[in-house]
Amino acid sequence: MLKKVGRVEEATEVSSGIYLLRISCPLKEPYPGQFVMAQPPGLEEIPLSIAGYSGGELKLIVAAVGETTRALCRMDVGDRLWVRGPLGRGFSYMSRKTAVAVAGGVGIAPLIYLVDARKREGLKTKLVAGFKSRVGGKLIQLLEDLGDVVIATEDGSIGAKGDAVSVASSMITRSSMVFACGPEPMLRKVVDLCMSVGAAVECSLERYIKCGVGICGACLIEGEEVSMRVCADGPVFDGETIVKLSDFDKLALDRSGCKVPLHGGCPSR
Ligand SMILES: Cc1cc2nc3c(=O)[nH]c(=O)nc-3n(C[C@H](O)[C@H](O)[C@H](O)COP(=O)(O)OP(=O)(O)OC[C@H]3O[C@@H](n4cnc5c(N)ncnc54)[C@H](O)[C@@H]3O)c2cc1C
Ligand code: FES
């Protein structure tokens, strides 16, 4: 897939170190859960979840954690970047089941698009957005504009006290469809919970992504009987697939292709 030129229309810090970017860039209509590869001039191409798309305008929520994300967050209105996508397989976002979306930190990005896309189809979603501690008012406003949202913080500084999965647990039943994105220990907790109550679950996973189209193998996540390419078979996987992947919440390939303990290397959330 060819790279397109995008133009920055807005770059706003919505919470400390977290930015909302609006980029005009005509793309094939993306599904919630898909991602783009974004590349500021002279830097690496990195994967970012699509947080919104409408009328040729792409929304991204970016945490400034390293060289490329910091450069993206520093961009001014009118600056240009390369965009490649939409890539990957998204969520079953049109599910008619009672939907609960569970986000940890900047894992909120694809779920913003999911909740909004469901709303446009007249489908309701409860969103539980978990953060370690207090987040900025602009981010809270952006989430509250989506509708049925519960903010949770681990230290109780705002919203409900606890992690997103504990707070969401009372909302999840056998008839729920749960969509989740966040750090893998959190996703492990959500998958275990959903399996134990018999709820359907889909999680967006992260691995180091190079080609983004399933060719290079950099993003492989392995199990005994099955291996998946996060960029092309995912990044969204259902609970039944995830439990077969023994690398899940344990191991990941790093930048050079070596398998390393997940929490010592990539990914980043
Ligand atoms: C499918 C997917 C969707 C993502 N969506 C978002 C999002 O919506 N918002 C957001 O802020 N972040 C998102 N990320 C994470 C984001 O890609 C990394 O934070 C970013 O690549 C870091 O690049 P850097 O140069 O700023 O930092 P670096 O200092 O290069 O790296 C910081 C961390 O990011 C990891 N990383 C670096 N390059 C890549 C890469 N090419 N692929 C995967 N991980 C990488 C590194 O292993 C390291 O742990 C997503 C990752 C994936 C795989
Ligand atoms: S990044 Fe190349 S196969 Fe996934």
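Fair warning: this is a prediction, and the values are worked out from it, not measured in the lab.

Q: Please set out the overall build of the chain residue by residue, giving values where relevant.
A: Broken down by element type, the chain carries six helices and 18 strands. At 17 Å, the chain has a C-alpha radius of gyration in line with the 18 Å of a compact globule built from 269 residues. Expressed along its principal axes, the backbone C-alpha trace of the chain runs to roughly 50 × 40 × 35 Å. The buried share of the chain, reckoned over its 269 residues, is 53%. Counting contacts in the chain only where the partners sit at least 6 residues apart, residues at least 24 apart contribute 60% of the total. Surface summary for the chain: the accessible area is close to 11,800 Å², and the carbon and sulfur share equals 51%. Between the mean site of the 33 positive side-chain charges and the mean site of the 31 negative ones, the chain shows a separation of 2 Å.

Q: Which residues make up the domain arrangement of the chain, and what values do they have?
A: How big an interface is tends to be expressed through the accessible area that disappears when the partners come together. In terms of domains, the chain is made up of domain 1 (4-87), domain 2 (91-203) and domain 3 (205-269). Measuring from the centre of the C-alpha atoms in domain 2 to the corresponding centre in domain 3 gives 22 Å. Across the boundary between the two partners, domain 2 contributes 15 residues, which contact 18 residues of domain 3. Together domain 2 and domain 3 conceal approximately 1,300 Å² of surface at their shared face, both sides included; 62% is due to carbon and sulfur atoms. The three residues of domain 2 that bury the most area against domain 3 are E184, R188 and C203, which together make up 45% of that side's buried surface.

Q: So, the pattern of salt bridges: which residues are in play, and what are the values?
A: For the structure on display, the rule yields 13 salt bridges. For D163, the salt bridge goes to K189, with nearest N and O atoms at 2.8 Å. Of this pair, D163 sits in the loop between β11 (160-161) and α4 (164-168) while K189 is found in helix α5 (residues 184-197), placing the two residues 26 residues apart along the sequence. A residue is classified by how much of its surface remains accessible, and K189, at 37% relative accessible area, is partly exposed. In this structure, K259 engages E222 in a salt bridge whose closest nitrogen and oxygen atoms are separated by 2.6 Å. Taken together, the residues span a long stretch of sequence, with K259 in strand β18 (residues 259-261) and E222 in strand β14 (residues 220-222) at a distance of 37 residues. Residue K259 is classed as partly exposed on the basis of its relative accessible area of 37%. Several salt bridges share partner residues, and in doing so they unite E10, R22 and E57 into one network.

Definitions and cut-offs
Residues numbered from 1 in each chain as written. Chains lettered and ligands numbered in written order. Predicted model: local features only at pLDDT ≥ 70, side-chain atom pairs only at ≥ 80, totals over all residues. Heavy atoms only, no water. Helix = DSSP H or I, 4+ residues; strand = E, 2+ residues; numbered from the N terminus. Rg over C-alpha atoms; globule rule 2.2 N^0.38 Å. Buried < 20%, exposed > 50% of the residue type's maximum accessible area, 1.4 Å probe, protein only. Contact = heavy atoms within 4.5 Å. Areas by Shrake-Rupley, 256 points an atom, 1.4 Å probe, with all protein chains shown as cover. Lys, Arg positive; Asp, Glu negative; His and termini not counted. Charge placed at Lys NZ, Arg CZ, Asp CG, Glu CD. Domains from an automatic or database assignment. Buried area = accessible area lost by both parts, 1.4 Å probe. Salt bridge = Lys/Arg side-chain N within 4 Å of Asp/Glu carboxyl O.

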